[in-house]
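# Close look at the chain arrangement
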Amino acid sequence: MKWLMEKPRKRILTKPTRDVEYTLVFIGSLIGFFSSCLYFVLFEHIFFGNPTDLNSAIAGSFSGVIASFSAFMCLKLVDYQTRKFAICIAICAIWGLISVSYFYTIPALLLLSSTFLCFWRKNREIRIIK
């Protein structure tokens, strides 16, 4: 009978939020994708006559697109596996910077700033009471 008169307990769930990191990587991967495509278009117009330069432009821009796509796919790791997320994003930033050179500097800076925030920022918690 005693259990009928007791109030139900409220559960508190905690969920870390990493909205800043998510936004930085999302914007960085989009800009990286478009800058890799721009790299191919501009490089094709500048060095259209030499096929070896054209092959390197195709390989570099395709590699930059894959780096941006893999950074975008790592976004599901941001909330609960932050260390793995930061390492993957740092690898994608360096990979894009090597493959597309100076066209990928702004996306690489955005991705690396997200990595640094993941390593040095403490988890903020939202309390959800159910």
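Details of the structure are given in the entry above.
Please read these numbers as outputs of a predicted model, since none were measured by experiment. (Residues numbered from 1 in each chain as written. Predicted model: local features only at pLDDT ≥ 70, side-chain atom pairs only at ≥ 80, totals over all residues. Heavy atoms only, no water.)

### Examining helix α5 (residues 105–120)
Stated precisely, the cut-off is as follows: Only DSSP runs of H or I reaching four residues or more are called helices, and only runs of E reaching two or more are called strands; each is numbered from the N terminus. By this rule, a helix spans an expected 1.5 Å times one less than how many residues it contains. Exposure categories follow from relative accessible area, calculated using a 1.4 Å probe and restricted to protein chains: below 20% of the type maximum is buried, above 50% is exposed, and the middle band is partly exposed. Taking the helix axis as origin, the arc is that swept by the directions to the C-beta atoms.
In this model, α5 (16 residues) spans 22 Å end to end at C-alpha, consistent with the 22 Å of a helix rising 1.5 Å per residue. Every buried residue of α5 is accounted for by P107, A108, L111, S114, T115 and C118. When α5 is viewed along its axis, its buried side chains cluster within an angular range of 125° and face the same direction. Away from its buried face, by an angle of more than 90 degrees, α5 presents the exposed residues I106, L109 and W120.

### Section: the nonpolar core
As a rule of thumb, soluble globular proteins bury nonpolar side chains together. The condition that has to hold: Here, nonpolar core refers to any group of buried Ala, Val, Leu, Ile, Met, Phe, Trp, Tyr and Cys residues whose side-chain atoms link them within 4.5 Å. The contact criterion used is simple: two residues touch if any of their non-hydrogen atoms lie within 4.5 Å.
Judged by nonpolar contacts, the single largest core of 20 residues is most densely connected at V25, F85, I89, Y104 and L111. Listing elements by their share of this core, those giving two or more residues are α2 (19–46), α3 (51–73), α4 (82–100) and α5. Beyond its immediate sequence surroundings of up to four residues, L111 is in contact with V25, S29, A71, I89, A93 and Y104.

### Overview of the side chain of S63
Looking at where S63 falls in the secondary structure, it is placed in helix α3. In contact with S63, other than residues within four places in its own chain, are W95 and S99.

### Structural notes on the packing of α4 against α5
Formally: What counts as an axis is a line fitted to C-alpha atoms, over the stretch in contact for a helix, and the angles between N-to-C directions run from 0 to 180 degrees. Angle categories: roughly parallel below 35 degrees, roughly antiparallel above 145, roughly perpendicular from 65 to 115, and oblique for all the rest. By the definition used in this description, the sense in which the near helix is turned from the far one sets the handedness, with an anticlockwise turn below a right angle giving left-handed and a clockwise turn giving right-handed. Three classes are used: nonpolar for Ala, Val, Leu, Ile, Met, Phe, Trp, Tyr, Cys and Pro, charged for Asp, Glu, Lys and Arg, and polar for all others, with Gly counted as polar.
Remark: α4 packs on α5, axes separated minimally by 9 Å, with the N-to-C direction vectors making an angle of 160°. Classified by the angle between their axes, α4 and α5 sit roughly antiparallel to one another. In this structure, α4 meets α5 at a crossing whose hand is left-handed. Listed contacts from α5 to T82, R83, F85, A86, I87, I89, A90, A93 and L97 of α4 are T105, A108, L111, L112, S114, T115, C118 and F119. Here the contact of α4 with α5 is composed, by residue class, of 12 nonpolar, 4 polar and 1 charged.

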